[in-house]
Amino acid sequence: MEDNVIGNGTVSTGASSAPPGASCRPSLSVVLPDRGADLNRDGFVGRLAEACAGLGAEILVVADGATTPAVPDRTATPVTIVHRPPHQRRSGLGGAVMAASRHARGKWIMVVDVTLHPAPETAADLARTALRHDVDIVVGTRHAGAGTGDRLGSAVRAAKALFPRRLATVSDPMSGLFAFRADAVDLGRLDPVGGKVLMELLVRNPAARVAEVAYEAAPQEVRPPGASLRAGAAFLRHLTRLRLHRFVGQIRQSPPNRARQFGRLVAFGMVGLSGVVVNTAALWLLASVAGLHHLLAASLATQASTAWNFFLIELLVYRGRGNGSTAGRGVRFFIMNNLLLIGRLPLLQLLLVTGMDLLAANAITLVVLFLARFLVSDRVIYGKGQEPGRDPVLMLVDPGAPHPPPVAARKRSRYLQYRYDIAGTVTIGSQILLPELEFFRAQWVPDAEVDIAVRVGDVGSRRPRRRATMIEYSDPVTLRYEEHLGRFGANFRVELGDTVDIRVGPLLAGSPHVVYTNIVEALLRFVLVSRGKMLLHSACVELGGVGVMLSALTDTGKTATVLRLLREHGGVFLSDDMTVINPDGTAVCFPKPLTISAHTLRAVQADDLTPSDWRRLQFQSRLHSKGGRSLALTLSRFNVPIMGINAITQRMVPPPKYTVDRLVPCKLGSATTVRELFIIERGAPRIAALDPDETLRRMITNTDDAYGFPPFKYFAPAITIGGLGYQQLRAREREILAGFLANVRTRVVASDSFGWADEIPRMLDGRRPVPAERAAFPRWTPLAAARPGGAA
């Protein structure tokens, strides 16, 4: 071996059979602290190098002794020896990890404590999980899934008691097998003691996204009593130091914030007391004078007190400061109070059954929910005093379990009553009616031959959970999502075999829209990709015989634009939300019912809607608008059963969905060749031609934006369909989209007045054949130039 001095240490690079190009930055750096005889027991280094072959990895062995550790001369993965000078060896394992991490070149750094005797294949599995999941730290856990045990139970409990929030989603914070994303961690802030590197990482990086991989460690050698006592004392000192550091940080940064938050709490409480008076007065008038049923009267009184409270809170407590516009905050405030009303009414009825007076019972229920109203308002609606927190969902990969544990449940029918044929490419069978797919009903599809099956069943354990959990099993690839309420929660399970088998719990089954949007469509997207098609977030129409596609981020105004184009210019409708596209440039219809949100109402002029339809639409469109979705996305960052809340809300107030021909007279087409693509956005008026690379990036971004609501981001990296993993499916999706866009002219159209339906027809009137040189298009052109007499 040839030694090279780097920094304060000495690095020796051993021979390897690394492939050409190994000088490029590796994806993974594996750190192996030299622990004496354990380092290469049973040829561990060579076996680990074999297991990591193909991952683009390097192995760094940290040597603290006078002799160089014995490692194989030739390995499938490059091996480097890092020698630490004697004066740098005081902090044991933690210092060894830090020394190697400073020499590591990988995008991910994985630490393997060989004294735990993990199988090399286990370490490689953890590395693969890190490379495909969108997380910052991946922990090998001995206390969950197949690795369940309690060898360090007291230490784990002590750490979690001192850091209940920062270690909330981690079952083994003292693990010696873990990986972290190099650019997500500031190594300069770490000062680990002994083997507690991971705990230091987790405590000092509170916003890091974490996943766990279950494994079973070999039994450890029993330490002499003196050594155990010394290690225990060092561990307690380390915990105390971390806790004091955290406490001092809070003292330095928080007094003004805490004092201001307490002031807001007091002011919020004073406003709330005045709201109780308003609510009580309204309830007395509605129940005692008008004679309405007490529950209806309480619901209407809540609307009056909500308006009163919002006006005063906006004026006196937050003084117009907060997230978004005043109207947006108002919508979110009303939604919050009506969601809390759902929980308040049963309590009110219970108090009345005990013989309590209506007005007194109502006042008690308002006071009981005061703190919840303040926390949601302060942290979610107005966004004051928030601290970056750990992702609320516990993510566990359990490769050691052969299959999900069986659930004792009553026998249910497996017959799929509703069947659908999507573009002649994918068939779906479901025990739940899926209104979004009504256009594709195909009862002739055999029940046993569908590509995606949706059934209702019991999913999850009977006991409640402290937080939502996503568990991934490997044989077969199965995903299980469970929320807080045990089997009564919004749980589901997906088995990715020849047929994608989806099982949803009864709560989810009662909300077909949530089942389709949050689970079925996300999986349908990648089944289509595996068969050479893409489900693209876009609208598609034919105007004057020209195939026109519109794309935008969610809640921009795409639906309103489509309705105006069809009503004012005729044409053929193919899709509004999603379009099936082929790489040859053709688009296939995907006519889901249109969702009418608040900003889309201005484009709805349907004579077929009755007065009761209009009244219901006014309310539904505000709940299921950008403000409502923004509130839901914000709530999803907290430890609440967000899927359950979403399912209950949409069951009580279904989203306003209408088929396009009920809203505007039009023809429905089956397919078209797209020639014009308009990416619409809000902002200062402008038109800009877009090059192919930027168009591809924007269309992928807009499509991903449609799947931003949980739990897609948790289960997507585990998707495997037709032998293709998630990243391979994403790469194929880009290839399909690139082929589709090859003969399509793309322009960005920005408007600050929802004027896209006025500008697009003007541009189509002057349409020319797509030139071979896209660079010929003007880069920036004002909207006025697209009017008659100007350049298109």
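Here, every reference points to the structure presented above.
Throughout what follows, the structure given in this document is the object of discussion. (Residues numbered from 1 in each chain as written. Predicted model: local features only at pLDDT ≥ 70, side-chain atom pairs only at ≥ 80, totals over all residues. Heavy atoms only, no water.)

Some points on the side chain of threonine 469
Okay, so step 1: One can find threonine 469 in strand β14 (residues 469-474).
Okay, so step 2: A relative accessible area of 5% means that threonine 469 is categorised as buried.
Okay, so step 3: Of the polar contacts made by the side chain of threonine 469, one reaches the backbone oxygen of arginine 467; its length is 3.4 Å.
Okay, so step 4: Ignoring sequence-local partners within four residues, the contact set of threonine 469 consists of Val393, Leu394, Arg480, Tyr481 and Glu482. (Helix = DSSP H or I, 4+ residues; strand = E, 2+ residues; numbered from the N terminus. Buried < 20%, exposed > 50% of the residue type's maximum accessible area, 1.4 Å probe, protein only. Polar contact = N/O pair within 3.5 Å; in protein donor to acceptor, adjacent residues only side chain to side chain. Contact = heavy atoms within 4.5 Å.)

Some remarks on unusual backbone geometry
Okay, so step 1: Between proline 710 and proline 711 the backbone carries a cis peptide bond, its omega angle lying at 10°.
Okay, so step 2: As for its position among the elements, proline 711 is in the loop between α18 (692-705) and α19 (712-715).
Okay, so step 3: Its identity is not glycine, yet alanine 423 carries a phi of approximately 55°, on the positive side.
Okay, so step 4: Given a relative accessible area of 27%, alanine 423 falls into the partly exposed group.
Okay, so step 5: Unusually for a residue other than glycine, phenylalanine 754 sits at a positive phi of about 55°.
Okay, so step 6: With respect to the secondary-structure elements, phenylalanine 754 resides in the loop between β29 (745-751) and α21 (756-765).

Concerning the packing of helix α7 (residues 294-317) against helix α8 (residues 326-353)
Okay, so step 1: Look at α7 against α8: their axes get within 9 Å of each other, and the N-to-C directions meet at 145°. Once α7 is placed against α8, the crossing between them reads as right-handed.
Okay, so step 2: Per-class residue counts for the contact of α7 with α8 are eleven nonpolar, eleven polar and three charged. (Axes fitted to C-alpha atoms, helices over the stretch in contact; angles between N-to-C directions. Left-handed = near helix turned anticlockwise from the far one by under 90°. Nonpolar A, V, L, I, M, F, W, Y, C, P; charged D, E, K, R; others polar.)

Observations concerning the nonpolar core
Okay, so step 1: Core analysis: the biggest nonpolar cluster contains 134 residues, and Phe492, Ile502, Val504, Leu508, Leu524, Phe590 and Leu737 have the highest contact counts within it.
Okay, so step 2: Here this core takes twelve residues from helix α12 (residues 512-530), the largest share from any one element.
Okay, so step 3: Filtering out sequence-adjacent residues up to four positions away, leucine 737 remains in contact with Met534, Leu536, Ile581, Leu696, Met699 and Ile700.
Okay, so step 4: Counting 35 residues, the second-largest nonpolar core is a separate cluster that includes Val31, Ala96, Ala100 and Val156. (Core = buried A, V, L, I, M, F, W, Y, C linked by side-chain atoms within 4.5 Å.)

Re helix α13 (residues 558-569)
Okay, so step 1: Given a rise of 1.5 Å per residue, twelve residues ought to cover 16 Å, and the 16 Å separating the end C-alpha atoms of α13 matches this to within 8%.
Okay, so step 2: Of all twelve residues in α13, nine are buried, a share of seventy percent or more.
Okay, so step 3: Within the span of α13, buried status applies to Lys558, Thr559, Ala560, Thr561, Val562, Leu563, Arg564, Leu565 and Leu566.
Okay, so step 4: Phi turns positive, to about 70°, at glycine 570, one or two residues after α13. (Expected span 1.5 Å × (residues − 1).)

Examining the packing of aromatic side chains
Okay, so step 1: A full pass over the atoms with the stated rule returns 13 aromatic pairs.
Okay, so step 2: Here phenylalanine 268 and phenylalanine 374 contribute two aromatic rings whose centre-to-centre distance is 5.4 Å and whose plane-to-plane angle is 70°, an arrangement assigned as edge-to-face. Of the two residues, phenylalanine 268 sits in helix α6 (residues 225-289) while phenylalanine 374 sits in helix α10 (residues 370-381), which places them 106 residues apart along the sequence. Like phenylalanine 374, phenylalanine 268 is buried.
Okay, so step 3: Residues tyrosine 707 and phenylalanine 712 carry aromatic rings whose centres are separated by 5.4 Å and whose planes lie at 35° to one another, so their mutual orientation is tilted. This pair shows no difference in class: tyrosine 707 is buried, exactly as phenylalanine 712 is.
Okay, so step 4: Joined through ring pairs, the aromatic side chains of Tyr481, Phe492, Tyr707, Phe712 and Phe715 make up one cluster. (Phe/Tyr/Trp six-rings, centres within 6.5 Å; stacked < 30°, edge-to-face > 60°.)

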